[in-house]
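Chain by chain, the residues:
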Amino acid sequence: MRRKIVAANWKMNMTGETAHNFFSQLNQMTWPDDVDAIVAPPNLYLQGLHSIKGNAKLCGQNCHSEQSGAYTGEVSAAMLSDAGASYCLVGHSERRKYFLESSSFLKAKVTAILDNGLFPIYCCGETESERRNDTHFDVVKNQISNDLFGLSNSEFGKVIIAYEPVWAIGTGLTATSDQAQEMHYFIRSVVREKYGSDIADDVCLLYGGSCNTTNAKDLFSCKDVDGGLIGGASMDPQSFLQIAQSF
Ligand code: PGA
């Protein structure tokens, strides 16, 4: 179902203590009823945050595609679920770039996430040079169709898509609301072509890339933007709340 979502991606930041403090503070605040809060702490902290997370839902930052086995250092979707996560990020540009994650691996991860009862938050987005060369629409369409379009209708209905232009992540550069709306509209039409109007109208499309308290209102006012995936600005509970109040 299409709904308003503000999701925090803490990346490799925070400690057990600062993560606890974040939720203790957030729990004292009045969160808007019609906005879902999702927080992706480092996977290690998921279990410990379960009892303090309040109404927020927890999200893994990454998982392996296999259920178990000899993959030193990795965590399976089943383990994330066991640790209290309801969602898992997949396809983040940092994973694609630094860990060379291929489309076939991402596809397998999405399936593992769904098979374990979690919801994937699938990230896509073009680099600066791809936008400069005017290939950003093709790039995003290829990512989505390669990684997600093997899913059945009911599986796809569980996926949240985050459009995160790589040039805007952690750079302080943000897509303008026109650029965000244009791409989100495009993504919805690509989904419509494949899965039909009901599913396309329902899919939640988040914007990510230097989204913060200053620009969230502008971005969230776009017709096809259903919320944000927030990195840097999500680690302070006050600014996370303020972003959620920006719809
Ligand atoms: P940022 O990160 O808000 O710090 O740009 C967003 C993300 O990588 O999900």
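Analysis parameters
- Along every chain, residues carry numbers that run from 1 in the direction the sequence is written.
- Only residues with pLDDT of 70 or above have their local features reported here, since the model is predicted, and side-chain atom pairs are shown and tallied only from 80 upward, although totals for entire chains, interfaces and linings are computed over all residues.
- Processing note: side-chain calculations cover all non-hydrogen atoms of the structure and skip hydrogens and water entirely.
- Every axis in this analysis is a line fitted to C-alpha atoms, fitted for helices over the stretch in contact. Angles between the N-to-C directions lie between 0 and 180 degrees.
- Strands are runs of DSSP state E lasting at least 2 residues, helices are runs of H or I lasting at least 4, and numbering of each runs from the N terminus.
- An angle below 35 degrees is treated as roughly parallel, one above 145 as roughly antiparallel, one from 65 to 115 as roughly perpendicular, and anything else as oblique.
- Crossings are sorted by hand: turned counterclockwise from the far helix by less than a right angle, the near helix makes the crossing left-handed, and turned clockwise it makes it right-handed.
- Whether two residues are in contact is decided by their heavy atoms, any of which lying within 4.5 Å being enough.
- Whether a residue is near a molecule or strand is decided by its heavy atoms; if any one of them lies within 4 Å of it, the residue is near.
- By the criterion applied in these results, polar contacts are pairs of N or O atoms within 3.5 Å in which, for protein atoms, one can donate a hydrogen and the other can accept it, and in which residues neighboring in sequence qualify only through two side-chain atoms.
- With residues, only the protein chains shown are counted as cover, and all accessible areas are computed by Shrake-Rupley using a 1.4 Å probe.
- Any residue that is not Ala, Val, Leu, Ile, Met, Phe, Trp, Tyr, Cys, Pro, Asp, Glu, Lys or Arg is counted as polar, Gly included; the first ten are nonpolar and the last four charged.
- Grouping buried Ala, Val, Leu, Ile, Met, Phe, Trp, Tyr and Cys residues that are joined through side-chain atoms within 4.5 Å yields what is termed a nonpolar core.
- Categorising residues by exposure relies on relative accessible area from a 1.4 Å probe, with only protein chains included: less than 20% of the type maximum marks a residue as buried, more than 50% marks it as exposed, and the intermediate range marks it as partly exposed.

**Student:** Hey, could you go over the packing of helix H7 (residues 136–148) against helix H9 (residues 177–195) for me, with residue numbers and the actual values?
**Tutor:** Interaxial distance between H7 and H9 falls to 11 Å at its minimum, and their mutual angle equals 40 degrees. What the angle tells us is that H7 and H9 run oblique. In terms of crossing hand, the pair formed by H7 and H9 is right-handed. Contacts between H7 and H9 involve His 136, Phe 137, Val 140, Lys 141, Ile 144 and Leu 148 from the first element and Glu 182, Met 183, Phe 186, Ile 187, Val 190, Glu 193 and Tyr 195 from the second.

**Student:** Can you explain the site of the ligand? Please cite residues and give values.
**Tutor:** Near the ligand there are 13 residues, and of these Lys 11, His 92, Glu 164, Gly 170 and Ser 210 occur at the shortest range. At 2.7 Å from an oxygen atom of the ligand is found a side-chain nitrogen or oxygen belonging to Lys 11. Ser 210 places a polar main-chain atom, nitrogen or oxygen, 2.7 Å from an oxygen atom of the ligand. If the ligand stood free it would expose 280 Å²; the protein chains cover 95% of that surface. Among the residues making up the shell around the ligand, the classes are represented as four nonpolar, seven polar and two charged.

**Student:** Describe the nonpolar core, and please don't skip the residues or the numbers.
**Tutor:** Phe 23, Leu 148, Phe 156, Ile 161 and Ile 187 are the most contacted members of the largest nonpolar core, which has 66 residues in total. Apart from residues no more than four positions distant in its own chain, Ile 187 is found in contact with Cys 124, Val 140, Ile 144, Ile 161, Tyr 163 and Leu 205. Counting 14 residues, the second largest nonpolar core, distinct from the first, contains Ile 38, Cys 59, Ile 121 and Ile 160.

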